[in-house]
Amino acid sequence: MVIPPPVRPPRIKEFLKPYVLKMHFTNKYVSAQVIHSPTGTVASGASSQEKALRGSMESTRDVAAAAKIGKILGERLLLKEIPAVAVNLGREQKYHGKVKAVIDSLREAGVKLL
């Protein structure tokens, strides 16, 4: 089932950031994706659940795994020519630990953060 993106007036679309970073952490895995907000589609993503990445990681849930996911996501964004990403942290996400590792490694990969 395909869910269409929400219909927004043109005035609101002017103030939306085009690409937004979303992170999700479970007890087993770390995942991050960049969403194109006007269309509501995923522009790029990386997860420690990917088969190619699981073999190269010692653990799929710690801070080192989060840093590696951020680095891979940054490389994928630069390949798709997405130079800047907005970061909206949720109420439960503080800027430390895994969240900080993902954001810092994105920054080191060369992606600008808005």
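Calculation rules
Residues numbered from 1 in each chain as written. Predicted model: local features only at pLDDT ≥ 70, side-chain atom pairs only at ≥ 80, totals over all residues. Heavy atoms only, no water. UniProt positions renumbered as here; feature names shortened; annotations may be inferred. Helix = DSSP H or I, 4+ residues; strand = E, 2+ residues; numbered from the N terminus. Buried < 20%, exposed > 50% of the residue type's maximum accessible area, 1.4 Å probe, protein only. Polar contact = N/O pair within 3.5 Å; in protein donor to acceptor, adjacent residues only side chain to side chain. Contact = heavy atoms within 4.5 Å.

- If you look the protein chain up in an unreviewed UniProt entry, it shows as Ribosomal protein L18/L5 from Corchorus capsularis.
- The UniProt entry for the protein chain carries the following comment under Sequence similarities (unreviewed entry): "Belongs to the universal ribosomal protein uL18 family."

**Digging into unusual backbone geometry**
Right, on to step 1. Located in the positive-phi region is E81, a residue other than glycine, with phi close to 60°.
Right, on to step 2. Tracing the chain through its elements places E81 in the loop between α3 (63-79) and β4 (84-87).
Right, on to step 3. The class for E81 is exposed, based on a relative accessible area of 71%.

**Here's the deal with the side chain of S105**
Right, on to step 1. Looking at the element boundaries, S105 is found in helix α4 (residues 98-109).
Right, on to step 2. Separated by 2.8 Å, the side chain of S105 and the backbone oxygen of A101 make a polar contact.
Right, on to step 3. Among all residues touching S105, those that are not within four sequence positions of it are A66, A67, G70 and K71.

**Digging into the environment of L89**
Right, on to step 1. Relative to the helices and strands, L89 is located in the loop between β4 and α4.
Right, on to step 2. Owing to a relative accessible area of 34%, L89 belongs among the partly exposed residues under this scheme.
Right, on to step 3. As a C-alpha pair, L89 and V99 span 10 residues in sequence and 8.8 Å in three-dimensional space.
Right, on to step 4. Those residues within four positions of L89 in sequence are excluded, and the remaining contacts are M23, Y95, V99 and I103.

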